[in-house]
Amino acid sequence: MSNRPGSSPPRRIFIDKQSPKAFHALVQAAETVRATAAEAGLDRTTVELINLRVSQLNGCAYCLDVHTRAALRAGESTRRLGILSAWRDTDLFTPQERAALALAEATTDPLNTAAQTSAYEAARQALSEDQISAAIWVAVTINAFNRVSVMSRHPVPPVQDE
């Protein structure tokens, strides 16, 4: 295939399908992280807010679709989902959610040490050490899934009657 201007980009390999054992290991890790978050007392909506915010930062349309639907099923409001990218500019998120979102952003941009320091300071005020660890693990895991979907160019499926 050519990469000349005007030519179509090369077809992407769905790496989850090409290397199913590796992808299955990632899925198992995500299941363990989800259980760890629940044991730490992070509710499902907070986990989905982390998944969504990280997916926004990474530009992963597929994961945004999956986790928007999951957040709605978990009871999240469309209003809060609509303003998630501006969470710092509203009082609609709890101190715990704000701390988790700050940790998620700092995890997604590991070179921003100032953001990491600030996120940890806020997290220590609002979350337990188990919750801090779980929030970071959720962000690490969704970052990995974002990379799988972005590099594979997973398509967002057409809207179906839900």
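Rules used in this analysis
- Residues numbered from 1 in each chain as written.
- Predicted model: local features only at pLDDT ≥ 70, side-chain atom pairs only at ≥ 80, totals over all residues.
- Heavy atoms only, no water.
- Phe/Tyr/Trp six-rings, centres within 6.5 Å; stacked < 30°, edge-to-face > 60°.
- Helix = DSSP H or I, 4+ residues; strand = E, 2+ residues; numbered from the N terminus.
- Expected span 1.5 Å × (residues − 1).
- Contact = heavy atoms within 4.5 Å.
- Axes fitted to C-alpha atoms, helices over the stretch in contact; angles between N-to-C directions.
- Parallel < 35°, antiparallel > 145°, perpendicular 65-115°, else oblique.
- Left-handed = near helix turned anticlockwise from the far one by under 90°.

Undergrad: So what exactly am I meant to see when it comes to the packing of aromatic side chains here?
TA: Any pair of aromatic rings gets described here by the distance separating the centres and the angle formed by the planes. Here the structure, examined in full by the defined rule, presents one aromatic pair. Taking 5.9 Å as the distance between ring centres and 90 degrees as the angle between the ring planes, the aromatic pair formed by F23 and F145 counts as edge-to-face. Within this pair, whereas F23 is found in helix α2 (residues 20–40), its partner F145 is found in helix α8 (residues 129–152), the two being separated by 122 residues in sequence.

Undergrad: Before we go on, may I ask you to explain helix α4 (residues 61–73) in this structure?
TA: One turn of an α-helix holds 3.6 residues; hence residues three or four places apart share an orientation. Across its 13 residues, α4 extends 19 Å between first and last C-alpha, which sits within 8% of the 18 Å expected from 1.5 Å per residue. Its buried side turned inward, α4 meets α3 (44–58), α5 (78–82) and α8. Taken from the residues just after α4, G75 is the one with a positive phi, measuring 105 degrees.

Undergrad: Looking at this model, I keep getting lost on the packing of helix α7 (residues 113–126) against α8. Mind explaining?
TA: In a pair of packed helices, the angle between the axes and the distance between the axes together describe the arrangement. Interhelical geometry of α7 versus α8 gives an angle of 135 degrees and a closest axis separation of 8 Å. For the element pair α7 / α8, the angle class is oblique. Between α7 and α8 lies a crossing whose hand is right-handed. Listed contacts from α8 to Y120, A123, R124 and A126 of α7 are E129, Q131, I132 and I136.

Read these as geometric descriptors, not functional statements.
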